[in-house]
Amino acid sequence: MLEVREAVVRYGAITALHGISFEVNQGEIVTLLGANGAGKSTTLRMLSGLHAPQSGHIIFEGQDVTKTKAHMFTSLGIGHVPEGRRIFPQMTVEENLEIGAFRRRGSYSEDLERMYETFPILKERRKQIGGNLSGGEQQMLAIGRALMGQPRLLLLDEPSMGLAPMIVDTIFRIIGEIRDSGTTVLLVEQNAAQALRLADRGYVMENGRIVFGDSAANLLTDARVRAVYLGENVES
Amino acid sequence: MKRIFASAHVKRLFSALAALAILELMTGPPGSALTPTAGFTGSFGEASSFFGIFRTQRWVVFLFLALAMYAIWSAWLMWGTQVRAATAKAVSVPRAASRTRPVRWGMAVAVLAVALLLPHLITDPFWQAAMVEQIAVYVLLALGLNVVVGFAGLLDLGFVAFYAIGAYTTAWVTGALPTAAPFGIHFNNFYAIPIAIALAMGSGIILGAPTLRLRGDYLAIVTLGFGEIITIFANNLYGITGGSQGTNTIPHFSLHVGPIKYLWGLTPVPYYYLTIVFVILFIAGFKLLEHSRVGRAWTAIREDEVAAESVGINPLKYKVMAFAIGASTAGFAGVVTASQSNTIFPSSFTLQFSINILVLVIFGGMGSITGVVLGAIVIQTGSMYLLHTPPAGYQPQDLYIYLGALLVVMMIFRPAGLVPSRRRHREIGLAEKGEGHMNEVLTGDTP
C-alpha cells in the first residue's frame, strides 16, 4: 500500500534520513521504533508532505506522491495525527471533527456519529472547546479528526506521549479497532513494548537509518530490541 | 520613608501623577529653540477650560485627572472582580436574548433605520461631510482589514496601498490623471467601482501569492514596504499620477439612465447613502464568509497552520483569498473617497493611515464584524469631535496621544476589543496563559 524507497531527508547540512526504505501493506499496523533523534518523526513529516525528501520515492497505492503538497495528502487517503496532537484549541470538539472532513464533498454526519460511538467522551464534550480537553481526550480528538477525512492509511505520531498509562491502553485499543475496521496504520512510538504487542510488523531506526525490520512477534523477542527499547538486560 | 514608597497605594498615586504629567507636557504648547523651556512653563501655566465649567490653570486639570485615575485604579483593584462578576450576570440575560434570531434581526433593522435617518437628524455640514469621508469610508476600510487581520490572522501594515489603488483607478478611468483614460473614454464613476475592485484584488493577489508564505513579522514588513512603494510611485510617476500635486478634477458620481438624471456631490448626503448601501452589502457578504467553509479554513489556519494543512487546507490559497478580499474592499473605499472629494494627493496615503485602520480593527475587536464597525464609528466620531470642537490647548496632532492612551487602557481592560469575537477572545485569553497558537504569534516563536 505504501512504499518508501531510499528516501533521503536533509535539514540544511544535517542529514536526518540516510536513504530509508520500508513498506506498509494493506490492513497492517506497522510500527517505527527508535530512540529520540532516530528519524521517526522526520519520516512521518515526510510521509505527510511537510518535508519533501531530497531523493528517493514515496509510492502510495501505486502512485508516486514524493512531491505532493501537505494539504493534498488527505485527498489521497492518508490521514495524519501529528505529534503533540495539534487540535484547534478554540474550536469546539464538533468543529474540530467537522474540519477533519474539509476535503470531502457531501454529508459527513454519519461519520460524525461513528466518531462519537468510538469516542463517547467526545460526544459528552462536543460543545466544549478543544483547548479545555485533557491530554487523552485531545489525542482522541486528533485521531477522530484524522479519521473524518476517511483515510485508508493513518499515520500516528507518538499517540501515547504524555498520557497516563490507563489512557494509553484505551488509545492503543482504539488503534487496534481502527485497523480492524479496515484502515491501515503506521504508528511511530517510543513505548516500544506496547506498540509491538499491537503491531503486525515493526522497523527499528537508528541515526536516520532503518537497521532492521521484522514481524512484531519476532521483534518482541529479539535480543537487540529487548536490550535497547524494552530496557532489559540481555544477560539476565 | 522606604515603607511609604513600598505601599502599593503610593506607587499607584505616583504612577498616575507621572502619567498625567507626561500627557500634560505632551499636549501643551510646543517650545522653540529660542525659548527651550516654553513648553514646560507654558503647559503648566496656560489657562484651560475645565470641562467647560470654569477656567483654571492646565496643571489643575491634570492634577485632578491624575487623582481620578488613581481613584479608579484603586477601586478597580479592590472591587474589579466583583464588578466584572456582577456585570457578567447582569448582561447574561440580554446577551442570551440577543442570540435569538428575531432579536438580532430586529436590532439590525433598528440600526439600519437610524443609519438611514441620520443625515436628516444631523444637518451640520461638517458632520454630514464627516459621516461620509471619516466614518462610513472608515467603516468600510475597517471591515476590509478585519478580513485580513481578524479572520485570517495576517498582520497587514500596507493596507493603504489598496485604498490608493482604488482612488487612483477612479481618477484614471474618469480621465482626471495626466495619463490617458482607458480607450480615451472618460468613464462614469460607476464604472470605476468594478475596475478599482478588480485592480485592488489583482494587486492583492500579486503581492500576496509570494509573500503570504512568510509568517508573522516578515509579512508585516513586506506589506509595510508595499504601502510605501505605492505612495512613492504616486509621488514620482509625475506623467502618470500627477506627482505630488495629485489631481483635483475627479468628477462626482452621476446617473443618466433615460429620463433619470442625478448628480452626486451637491451635498455629502447622497454619498452617505451610496456608501451605506455598500457597507450593508459588505457586512452581509463577510457574515456569510465568516460562517462558510472559507471562514472555517481561516479559523483553522489562524489557530494552527500545520494542523490546518494536515486536514487538507491549503494555507496559501486561503490567505491569498483573505488578502484579495480585504484589498478589494479598500479599493472600493478609495473610489468613494476620490469621487466625493474630487481630489487625491500621494501625501494622504501614508503608513499612518494603515496604522489608523489597524487601530480601528484592534479597538473594535479583531474578527468581530459588529466590533470593527462599532470601533470605527466610535474612534472616528471621537476624532472628528475633537477636531470640530477642540478643547482649549488641543492641537490636531495630540489626537494620537489620546488614541495611544485609549489603546493602552483597552489592552488592560478589554484586550480582545470593544465587542470581542467569541473565538478571538478565548484565543487571547489562552495566549496570556502561554498556551495556544496565538502565543506563537505574540512571542514570535514558531515551531
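Our subject is the structure listed above.
Presented here is a report on the structure given in the accompanying data block.

Within chain B, the regular secondary structure consists of 19 helices and 4 strands. When each of the 447 residues of chain B is scored for burial, the buried share is 38%. For chain B, the proportion of contacts with a sequence separation of at least 24, taken over those separated by at least 6, is 72%.

Looking now at the overall build of chain A. Helix and strand counts for chain A stand at 10 helices and 10 strands. Its C-alpha atoms give chain A a radius of gyration of 18 Å, within 12% of the compact-globule value 18 Å for 236 residues. Projected onto the principal axes, the alpha-carbon positions of chain A cover approximately 50 × 45 × 30 Å. Evaluated residue by residue, chain A yields a buried proportion of 46% over its 236 residues. Taking the intrachain contacts of chain A between residues at least 6 apart in sequence as the baseline, contacts between residues at least 24 apart amount to 65%.

Here the focus is the sheet that holds strand E6 (residues 78-81) of chain A. Across a sheet, paired strands are connected by hydrogen bonds in the backbone, their directions being either parallel or antiparallel. Residues and elements named next belong to chain A. Read across the sheet, 6 strands follow the order E6-E7-E8-E3-E9-E10 without closing on themselves; strand pairing throughout is mixed. Each of the sheet's edge strands pairs with one partner strand only, and the pair in question is E6 and strand E10 (209-215). Adjacent strand axes in the sheet meet at a mean angle of 15°, parallel and antiparallel pairs treated alike. The sheet contact formed by strand E9 (residues 201-206) and E10 spans 6 bridges and is antiparallel. Bridge pairing links Arg201 to Ser215 in E10. Running at roughly 145° to strand E7 (residues 153-157), helix H1 (residues 40-47) makes contact with strand E3 (29-34), E7, strand E8 (184-188) and E9 of the sheet.

Residues and elements named next belong to chain A. The 4 strands are arranged E2-E1-E4-E5 in an open sheet whose pairing can be described as antiparallel. Here the strands that pair on one side only, and so sit at the sheet edges, are strand E2 (14-24) and strand E5 (63-64). In this structure, strand E1 (residues 2-11) lies alongside E2, joined through 8 bridges in antiparallel fashion. Residue pairing across strands places Ala7 opposite Ile20, the latter belonging to E2. Set on the sheet, H1 makes contact with E1, E2 and strand E4 (55-60); between it and E2 the angle comes to about 70°.

Time to look at helix H12 (residues 293-303) of chain B. Of all the 11 residues making up H12(B), 8 are buried; the element is thus mostly covered by neighbouring parts of the structure. Considered for burial, the residues of H12(B) that qualify are B:Arg296, B:Ala297, B:Trp298, B:Thr299, B:Ala300, B:Ile301, B:Arg302 and B:Glu303.

Moving on: the interface of chain B and chain A. Taken together, the 19 residues of chain B in the interface contact 20 residues of chain A. Looking at the side of chain B that touches chain A, the elements with two or more residues in it are H12, helix H13 (305-310) and helix H18 (422-432) of chain B. Split into classes, the residues belonging to the side of chain B that touches chain A amount to 6 nonpolar, 5 polar and 8 charged.

Attention now moves to the environment of A:Leu220. The residue A:Leu220 is located in helix H9 (residues 216-221) in this model. Through-space distance from the C-alpha of A:Leu220 to that of A:Gln128 is 41 Å; in sequence the pair is 92 residues apart.

All names here are of chain B. Taken N-terminus to C-terminus, the directions of helix H6 (residues 125-151) and helix H11 (residues 269-290) make an angle of 15°; their axes are 9 Å apart at the nearest point. Classified by the interaxial angle, the pair formed by H6 and H11 is roughly parallel. Considering the relative orientation of H6 and H11, their crossing is left-handed. Here H6 contributes Gln128, Met131, Val132, Ala136, Val137, Val139, Leu140, Leu143, Val147 and Phe151 to the contact with H11, which in turn contributes Val269, Tyr271, Tyr272, Thr275, Ile276, Phe278, Val279, Phe282, Ile283, Phe286 and Glu290. Residues belonging to the contact of H6 with H11 are distributed by class as follows: 18 nonpolar, 2 polar and 1 charged.

So, about the nonpolar core. Residue and element names in this part refer to chain B. Grouped together as the largest cluster of nonpolar side chains are 157 residues, with contacts concentrated most on Leu140, Leu141, Ala142, Tyr163, Ala164, Ala322 and Leu360. If you tally residues by element for this core, the top one is H6, at 17 residues. Not counting the four nearest positions on each side in its chain, Leu360 is found in contact with Tyr138, Ala142, Val372, Gly375, Ala376 and Ile379.

What follows concerns the pairing of E4(A). Remember that side chains alternate between the two faces of the sheet whenever the strand is regular. All names here are of chain A. As judged from the 5 bridges shared by E1 and E4, these two strands associate in the antiparallel manner. Across the sheet, the residue bridging to Val8 is Ser55, located in E4. As paired strands, E4 and E5 are joined by 2 bridges and run antiparallel to one another. Bridge pairing in E5 places Phe60 opposite Gln63. If you look at the hairpin formed by E4 and E5, you'll find 2 residues sitting between the two strands, and Glu61 has a positive phi there, around 50°.

This part covers unusual backbone geometry. Residue and element names in this part refer to chain A. Its identity is not glycine, yet Glu61 carries a phi of approximately 50°, on the positive side. Its place among the elements puts Glu61 in the loop between E4 and E5. Of note in this structure, Gln150 is not a glycine but carries a positive phi near 50°. You can see Gln150 is positioned in the loop between helix H6 (135-147) and E7. Gln150 gets classed as partly exposed once you count the C-beta atoms within 10 Å, which come to 16.

It is worth spelling out the environment of B:His120 at this point. When you line up the elements, B:His120 lands in helix H5 (residues 101-121). B:His120 sits in the exposed class, given 8 other C-beta atoms within 10 Å.

With that settled, the discussion passes to the packing of helix H3 (residues 93-100) of chain A against H6(A). Residues and elements named next belong to chain A. It is the contact of H3 with H6, at a shortest axis distance of 6 Å, that shows an interaxial angle of 35°. Here the hand of the crossing between H3 and H6 comes out right-handed. Between H3 and H6, the residues in contact are Val93, Asn96, Leu97 and Gly100 and Leu141, Gly144, Arg145 and Ala146, respectively. Of the residues in the contact of H3 with H6, the class split is 4 nonpolar, 3 polar and 1 charged.

The next subject is the pairing of E7(A). Residue and element names in this part refer to chain A. Of all 5 residues in E7, 5 are buried, a share of seventy percent or more. Burial along E7 is two-sided: Leu153, Leu155 and Asp157 and Leu154 and Leu156, pointing in opposite directions, are all buried. Of the pairings in the sheet, the one linking E6 to E7 comprises 4 bridges and is parallel in character. Bridge assignment links Ile78 to a residue of E7, and that residue is Leu153. Where E7 lies against E8, 5 bridges are found, and the strand directions are parallel. Residue pairing across strands places Leu155 opposite Leu186, the latter belonging to E8.

So, about helix H7 (residues 160-173) of chain B. Helical geometry note: an α-helix holds 3.6 residues per turn, so side chains three or four residues apart project in the same direction. All names here are of chain B. If you check H7, its first and last C-alpha atoms are 20 Å apart, about what 14 residues at 1.5 Å a residue would give, namely 20 Å. For H7, the tally of buried residues reaches 14 of 14 residues, placing the bulk of the element in the interior. Looking one or two residues beyond H7, the residue adopting positive phi is Gly175, at roughly 75°.

This paragraph deals with the environment of B:Ser15. Residue and element names in this part refer to chain B. Structurally, Ser15 is set in helix H2 (residues 8-27). Judged by C-beta crowding, with 14 C-beta atoms within 10 Å, Ser15 ranks as partly exposed. On a C-alpha basis, the gap between Ser15 and Ala284 in space is 46 Å, while along the polypeptide they are 269 residues apart.

So, how was this worked out
Residues numbered from 1 in each chain as written. Chains lettered and ligands numbered in written order. Predicted model: local features only at pLDDT ≥ 70, side-chain atom pairs only at ≥ 80, totals over all residues. Helix = DSSP H or I, 4+ residues; strand = E, 2+ residues; numbered from the N terminus. Buried ≥ 20, exposed ≤ 12 C-beta atoms within 10 Å, placed from the backbone. Contact = placed C-beta atoms within 7 Å. Rg over C-alpha atoms; globule rule 2.2 N^0.38 Å. Pairing = 2+ DSSP bridges. Axes fitted to C-alpha atoms, helices over the stretch in contact; angles between N-to-C directions. Nonpolar A, V, L, I, M, F, W, Y, C, P; charged D, E, K, R; others polar. Parallel < 35°, antiparallel > 145°, perpendicular 65-115°, else oblique. Left-handed = near helix turned anticlockwise from the far one by under 90°. Core = buried A, V, L, I, M, F, W, Y, C linked by C-beta atoms within 7 Å. Expected span 1.5 Å × (residues − 1).

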